[in-house]
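Next come the chains, spelled out residue by residue.
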Amino acid sequence: MDKKYSSNQFLKGAMVLTIAALVTKILSAVYRVPFQNIVGDIGFYIYQQVYPFYGIAIALSTYGFPVIISKMVAEKLEKEDEEGAKHVAVTSFLFLCLVGLAWFLLVYFGSGLIAGWMGDPKLKPLLQVISLSFLLLAPLSVIRGYYQGKEDMVPTAVSQVTEQTIRVATILIFSTILVSEGYSLYMTGNGALFGSITGGLGGLLVLLSFLIARREKLFSRKYLSLPVGFVHTWSRLFKNGTAICVSAMLLVLLQFVDSLNVYSLLVSSGMEAETAKTWKGIYDRGQPFVQLGTVVATSISLTIVPLVTNAYLKRREALVREYIQLSLKISITIGFAATLGIINIMVPTNTMLFENALGSTVIAVFCLSIFFSCLILTFAGIFQGIGKIYYPAFCILIGIMIKYLGNACLIPFMGIMGASVSTAGSLSIMAIMMVISLRKLFPIRILTLSFYKTLLMSGAVMTIGLQGILHVYDTLLHKGMPDRLLSVFFSLGGVCIGGMLFLIVFLRGNALSREEISFLPFGSKWVWLMEKVYPNN
């Protein structure tokens, strides 16, 4: 195989996979808005209580196990061992069948216990429905990993987008029909969760169609056996796959903790059950903001991190430090701008998306998670790029425990605000742990004082501009103009004006050089804008 051709194919495939991942993340965030509008805050609470289990299943079958399988398949193909590659895939399939079955049995038969732990026994049938998604773990993971190992990312990309599209369509169609027919919100939630099954089956059919079209006899009797050394394969899958999955499940695990104890803590603190469900649903409005806020930072880190990996493998430590600093600059900038911007326009944005401004302060505090999540995802990518795949998982698990304890300590005294504070606090601790470890590995000065000055100045100018817009918004509201129509205009206008103000000041501050900006998506366009804004840079 021509090495240059292989490299080009891999880069093209990685781009296809990155675009597919971004599309699925955006779909996963955006559908929650119309869904909440259909079912209301209590219906949203019901769905969000069970959603983390699907999030775990999707992380296992998309971001964790396929990555490890692809590495093992690629190792065999490097030695021109096609038979060995197929044996790896089938050996992995047998292992993941056991993993998927274990998850299914745990969730299905433990549904009563889990629902009781959450404080809402009516969630039991919903948990039983979502448990079925784990039965699709093995085929989805193995076929995706097998093709990725062959540097063919198209089957994975198409299956991911198909899975999410069918799932979102099922959720919105079923919820609309069930609500209009007068079914209970719990039954509506059950119908919405059925989307995880239809989506998974759709993704699997796409993958099987690729196998058939390309005449890949992957699951023939010839390979359905456990070869010598299968324990080593299973061990790599368990240890490395789990570590990568934990890093990929950062936001899902935080949602999982909230599902377990937020509602029950609100009720035990004296809040009425229906009121507690409503406030948990309002609190969950913050999830789409955080998901969308981290999408851009994630995509940019995916661009930089491979450069870190390449430089590290070539033992060019100075270049590694340079790329790490660049990825941190970009992550901090985007995370800071997105967090500050959304906090400033939270009231009109909350009204535009969710029909009213209830819980805007709670959601604004929750949105501090955007900044810390951007940092953590970038750090995790860097650590994985230099082969330290276990440390990010360790930091995240420590943070999850702190989150659980934070909820238990803060919610009885602060109500639902305690959940937002504990989320932001636990994420900040994860980020600090990763910073300390990274500085020990690479003794670098994270960023310069002039960079922070420019960042703060850009944020201050954006905040002044957005607060001026909000003053006009409040004035028009008091004059009786339609609040939701007004909120649409001021939210979208605020995003555009706030973003432009931040960019103009930031680019004039020379915080990023032309070379650094060129690493960004559409880098040449940003350089052109930078030269227009600040010609003498």
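Up top is the structure.
Presented here is a report on the structure given in the accompanying data block. Residue numbering note: each chain is counted from 1, following its sequence as written. Given that the model is predicted, a residue must reach a pLDDT of at least 70 before its local features are reported, and side-chain atom pairs must reach 80 or more before they are shown or counted; all residues, however, enter totals for whole chains, interfaces and linings. Derived side-chain values reflect all non-hydrogen atoms in the structure, with water molecules and hydrogen atoms excluded from consideration.

Points about unusual backbone geometry
Then comes step 1: Even without a glycine there, the phi angle at E355 is positive, about 80°.
Then comes step 2: Helix and strand labels come from DSSP, where a helix needs a run of H or I of at least four residues and a strand needs a run of E of at least two; each type is numbered from the N terminus. Considering the arrangement of structural elements, one finds E355 in the loop between α15 (346-354) and α16 (360-366).
Then comes step 3: Think of it in three bands: residues with accessible area under 20% of the maximum for their type are buried, residues over 50% are exposed, and the middle band is partly exposed, with areas taken using a 1.4 Å probe on protein chains only. On the basis of relative accessibility, which here comes to 39%, the residue E355 falls in the partly exposed class.

Brief notes about the packing of aromatic side chains
Then comes step 1: Stacked, edge-to-face and tilted are the three classes for Phe, Tyr and Trp ring pairs, Trp counted by its six-membered ring, which pair at centre distances within 6.5 Å; planes under 30 degrees apart are stacked, over 60 edge-to-face, the rest tilted. In this structure the tally under the stated criterion is 24 aromatic pairs.
Then comes step 2: Their ring planes at 45° and their centres at 5.3 Å tell us that Y45 and Y263 sit as a pair that is tilted. Here Y45 is found in helix α2 (residues 32-78), whereas its partner Y263 is found in helix α11 (residues 250-268), with 218 residues between them in sequence. Exposure class is identical for Y45 and Y263. Each is buried.
Then comes step 3: In this structure an aromatic cluster arises from ring pairing among Y31, F35, F44, Y47, Y51 and Y54.
Then comes step 4: Look at NZ for Lys and CZ for Arg. If either is within 6 Å of the ring centre and within 35 degrees of the ring normal, a charge sits over the ring. Over the ring of Y51 we find R32, and its NZ or CZ is 4.4 Å from the ring centre.

Structural notes on the nonpolar core
Then comes step 1: Counting residues in hydrophobic clusters, the biggest one holds 127 residues, and the most contacted among them are F35, Y47, L96, L123, I324, I396 and M430.
Then comes step 2: A per-element tally of this core places α2 first, with 21 residues.
Then comes step 3: In what follows, a contact means two residues having at least one pair of non-hydrogen atoms within 4.5 Å. Apart from residues lying up to four places away in sequence, M430 is in contact with L250, L254, I376, C395, I396, G399 and I400. Note on terminology: a nonpolar core comprises buried Ala, Val, Leu, Ile, Met, Phe, Trp, Tyr and Cys residues joined through side-chain atoms within 4.5 Å.

Remarks on the environment of Q49
Then comes step 1: Mapped onto the fold, Q49 is located in helix α2.
Then comes step 2: For Q49, a relative accessible area of 0% corresponds to the buried category.
Then comes step 3: Taking the C-alpha atoms as reference, Q49 lies 9.5 Å from D284; in sequence the two are 235 residues apart.
Then comes step 4: With residues up to four places along the chain from it excluded, the contact list for Q49 reads M118, L123, D258, S259, Y263 and K280.

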